[in-house]
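Listed below are the residues making up each chain.
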Amino acid sequence: IKKQKKDNFKNIQNSIEWFNAQPDFENDIPIYMNQVFGYNPKSPTYQKLSQGFWDHYSKEEDSWRDQPLWAFMVHRYHVAPLAFPAPSREKVWTIAKPPPPKK
């Protein structure tokens, strides 16, 4: 985002600080091209993911670029993308089975 000048320094710094303050943040999660995706609006997992995303994004406290925040929420709520073969270049999202509880 910084290299491509897609947002200003202050917004980028605010995003980095927010991500680093999250106990479940990992810096090596994938970011997906959200060109096309589908979801089940009745899915409780999707509802939590999208609510978490909008609760933060709508505050407009940091980067207006939604991809890093969406990728983080996908990671947080254990959602995995289902990739189509490369020629189609489309993505569909599927709800992944959550990991077992930590002991």
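The structure under discussion appears in the preceding block.
A. A look at the pattern of salt bridges. Applying the stated criterion across every chain, the model contains one salt bridge. A salt bridge links Asp24 to Arg76; the nearest nitrogen and oxygen atoms lie 2.8 Å apart. Taken as a pair, Asp24 in the loop between helix 1 (9-21) and helix 2 (44-57) and Arg76 in helix 3 (residues 67-76) lie far apart in primary sequence, 52 residues in all. Assessed through its relative accessible area of 25%, Asp24 is described here as partly exposed. Residue classification places Arg76 among the partly exposed positions, given a relative accessible area of 23%.

B. Region of the structure containing unusual backbone geometry. For Glu60, which is not glycine, the phi dihedral falls at a positive 55°. Of note, Glu60 is situated in the loop between helix 2 and helix 3.

C. Representation of the nonpolar core in the model. If you look at the biggest cluster of nonpolar residues, it comprises 12 residues: Phe19, Ile29, Tyr46, Leu49, Phe53, Leu69, Trp70, Ala71, Phe72, Met73, Val74 and Val79. Going through the elements one at a time, helix 2 and helix 3 are the ones with two or more residues in this core. At six residues, helix 3 tops the list of elements feeding residues into this core.

The rules behind the values
- Residues numbered from 1 in each chain as written.
- Predicted model: local features only at pLDDT ≥ 70, side-chain atom pairs only at ≥ 80, totals over all residues.
- Heavy atoms only, no water.
- Salt bridge = Lys/Arg side-chain N within 4 Å of Asp/Glu carboxyl O.
- Helix = DSSP H or I, 4+ residues; strand = E, 2+ residues; numbered from the N terminus.
- Buried < 20%, exposed > 50% of the residue type's maximum accessible area, 1.4 Å probe, protein only.
- Core = buried A, V, L, I, M, F, W, Y, C linked by side-chain atoms within 4.5 Å.

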